[in-house]
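As a plain string of letters, each chain reads:
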Amino acid sequence: MNTDIEGRAAPVYYYEKLDSTNTTLKSLAYEGAPDGTVIAAARQTLGRGRAGKCFESPPGGVYLSILLRPERLENISTLTPTAAVAVCSALERCCGLKARIKWPNDIIYNEKKLCGILCESAVDKSGARYAVIGIGINVNSDSESFSTELHGIVGSVLTETGRHTDIDALICALTEELDRLLSLWRHDARCALDAYRRLCTTCGKRVDILRGEERDTVYAERIEDDFSLLVSYPDGREEKLFFGEISIRKSE
Ligand code: BTN
């Protein structure tokens, strides 16, 4: 593919197949790869998801990771929601798709998960801390590409709209949206907060919080200024959730 993006200083590397774009980019980062380096792959053999789960990455997807070397990393938890906003913008620009966010960072359309985001932070060989944001979007994959346990949960742009997407164009659009938002993020870690609140469809719904075998039904009140989710329990108690898995109750 053509990986030149006009005016972009850092490289964009594209591979037909990788184990994981996050793992590969972390190796490059360790050796000193520059801020903004992007790695994209047509498929992954060991795609990694949150909570140590694997992320199925069949052909027809966009699997992309971007390296950040910000001056301060105390706001790192705001990177994932910021990237989620960038993904929604890229999908709208490139596929005409109005995708939405399920807190904290799943991109959904027609109640199907189209994209997951995994942000990791580590230290390179000079001792400098960096972050890698990894994004996996199901684009032209058909439902048979995914294992049966994901059927009905996961979708792709193709399965949900019937339209094929130009993968190169989506990689370019996503890289541009990430570059734009992440450069704002360096000055203001809440730069994407208003957009995130508009795009997130979790609030105002009854949701289940999943913690191991435990499941608590709560009401999703609002997104706080730090992107946490404020929930209320039936007894009136409130809690701020900073991460974790929730499932939206179907009947309400
Ligand atoms: C999740 O929903 O659990 C997060 C999934 C993140 C997947 C992306 S695909 C590109 C990058 N490389 C990986 O191995 N994982 C992330």
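In this text the structure is predicted, and so the values were computed from the model without any measurement.

*Asks:* What exactly am I supposed to notice about the packing of helix α2 (residues 79-95) against helix α4 (residues 167-185) here?
*Replies:* A packed helix pair is summarised by two numbers, namely the angle formed by the two axes and the spacing between the axes. The geometry of α2 relative to α4 is characterised by a closest axis approach of 8 Å and an angle of 140° between their N-to-C directions. Classed by the angle they form, the pair α2 and α4 counts as oblique. For the element pair α2 and α4, the recorded crossing hand is right-handed. Residues L79, T82, A83, V85, A86, V87, S89, A90, L91, R93 and C94 of α2 lie in contact with α4, whose contacting residues are A169, L170, A173, L174, E176, E177, L178, L181, L182 and W185. Residues that form the contact of α2 with α4 fall into these classes: 16 nonpolar, two polar and three charged.

*Asks:* Honestly, the pairing of strand β2 (residues 38-44) in this entry has me stumped. Any pointers?
*Replies:* Remember that side chains alternate between the two faces of the sheet whenever the strand is regular. Counted residue by residue, β2 has six buried out of seven residues, so it is predominantly covered. Where strand β1 (residues 12-18) meets β2, six bridges bridge the pair, whose relative direction is parallel. Considered in β2, the bridge of Y15 is made with A41. For the crossover from β1 across helix α1 (residues 21-30) to β2, the handedness is right-handed. Here β2 runs beside strand β3 (residues 61-68); their pairing, made up of four bridges, is antiparallel. Among the inter-strand pairings, A40 is bridged to a residue of β3, identified as L64.

*Asks:* Please explain the site of the ligand as it appears in this structure.
*Replies:* Around the ligand there are 19 residues in total, and S20, Q44, R48, R50 and K113 lie nearest to it. Within the contact set of the ligand, a nitrogen atom lies 3.1 Å away from a side-chain nitrogen or oxygen of T21. At 2.8 Å, a backbone N or O of R50 approaches an oxygen atom of the ligand. In isolation the ligand offers 420 Å² of accessible surface; the protein chains occlude 97% of this area.

*Asks:* Before we go on, may I ask you to explain the nonpolar core in this structure?
*Replies:* Across soluble globular proteins, nonpolar side chains show a tendency to be buried alongside one another. By size, the foremost hydrophobic cluster in this structure holds 61 residues, and its most contacted members are L91, I135 and I137. Each residue touching L91, except ones within four places of it in the same chain, is listed here: G96, L97, A99, I107, I137, V157 and L170. One finds L25, A33, A41 and V132 within the second-largest nonpolar core, a separate group that totals 10 residues.

*Asks:* Is there a simple way to think about the pattern of salt bridges in this case?
*Replies:* Two side chains that carry opposite charge are able to pair once their charged atoms sit near each other. Counting across every chain of the model gives 22 salt bridges. Residue R93 pairs with E177 through a salt bridge whose shortest N-O separation is 2.8 Å. Here the residue R93 occupies a position in helix α2, and E177 occupies one in helix α4, the gap between them amounting to 84 residues. Given the relative accessible area of 48%, R93 is considered partly exposed.

*Asks:* Looking at this structure, how should I read unusual backbone geometry?
*Replies:* When glycine is set aside, most residues are seen to have a negative phi, and most peptide bonds are trans. With an omega of 0°, the peptide bond running from W103 to P104 counts as cis. Despite not being glycine, A51 shows a phi value in the positive range, around 55°. Among the structural elements, A51 can be located in the loop between β2 and β3. Its identity as a non-glycine residue notwithstanding, F227 has a phi of 70°, on the positive side. Tracing the backbone through its elements, the reader meets F227 in the loop between β9 (214-223) and β10 (229-232). Residue class for F227 comes out buried when judged on its relative accessible area of 5%.

*Asks:* Explain α1 to me, please; I cannot follow it from the model alone.
*Replies:* Given 3.6 residues per helical turn, the α-helix brings residues three or four places apart onto the same face. Of all the residues in α1, the buried ones are T21, N22, T24, L25 and A29. One face of α1 carries all of its buried residues, which in axial projection span an arc of 165°. Where α1 is buried, its residues touch β1, β2, β3, β6 (112-123) and β7 (129-138). Two to three positions downstream of the cap, the backbone nitrogen of N22 sits 3.2 Å from a side-chain oxygen, assigning the N-cap of α1 to S20.

*Asks:* What is the right way to look at the sheet that holds β6 in this model?
*Replies:* Backbone hydrogen bonds hold the strands of a sheet together, and the pairing may be parallel or antiparallel. Overall, mixed pairing links the seven strands, which are arranged β1-β2-β3-β7-β6-β5-β4 in an open sheet. Two strands bound the open sheet, and with one partner strand each, they are β1 and β4 (100-102). Taking the axes of each pair of neighbouring strands and ignoring which way they run, one obtains an average angle of 25° across the sheet. Across the face of the sheet, α4 comes into contact with β1, β2, β3 and β7 while running at roughly 30° to β3.

Rules behind the numbers
Residues numbered from 1 in each chain as written. Predicted model: local features only at pLDDT ≥ 70, side-chain atom pairs only at ≥ 80, totals over all residues. Heavy atoms only, no water. Axes fitted to C-alpha atoms, helices over the stretch in contact; angles between N-to-C directions. Helix = DSSP H or I, 4+ residues; strand = E, 2+ residues; numbered from the N terminus. Parallel < 35°, antiparallel > 145°, perpendicular 65-115°, else oblique. Left-handed = near helix turned anticlockwise from the far one by under 90°. Contact = heavy atoms within 4.5 Å. Nonpolar A, V, L, I, M, F, W, Y, C, P; charged D, E, K, R; others polar. Buried < 20%, exposed > 50% of the residue type's maximum accessible area, 1.4 Å probe, protein only. Pairing = 2+ DSSP bridges. Right-handed = clockwise from strand over helix to strand, strands pointing away. Near = heavy atom within 4 Å. Polar contact = N/O pair within 3.5 Å; in protein donor to acceptor, adjacent residues only side chain to side chain. Areas by Shrake-Rupley, 256 points an atom, 1.4 Å probe, with all protein chains shown as cover. Core = buried A, V, L, I, M, F, W, Y, C linked by side-chain atoms within 4.5 Å. Salt bridge = Lys/Arg side-chain N within 4 Å of Asp/Glu carboxyl O. Arc of directions from axis to C-beta.

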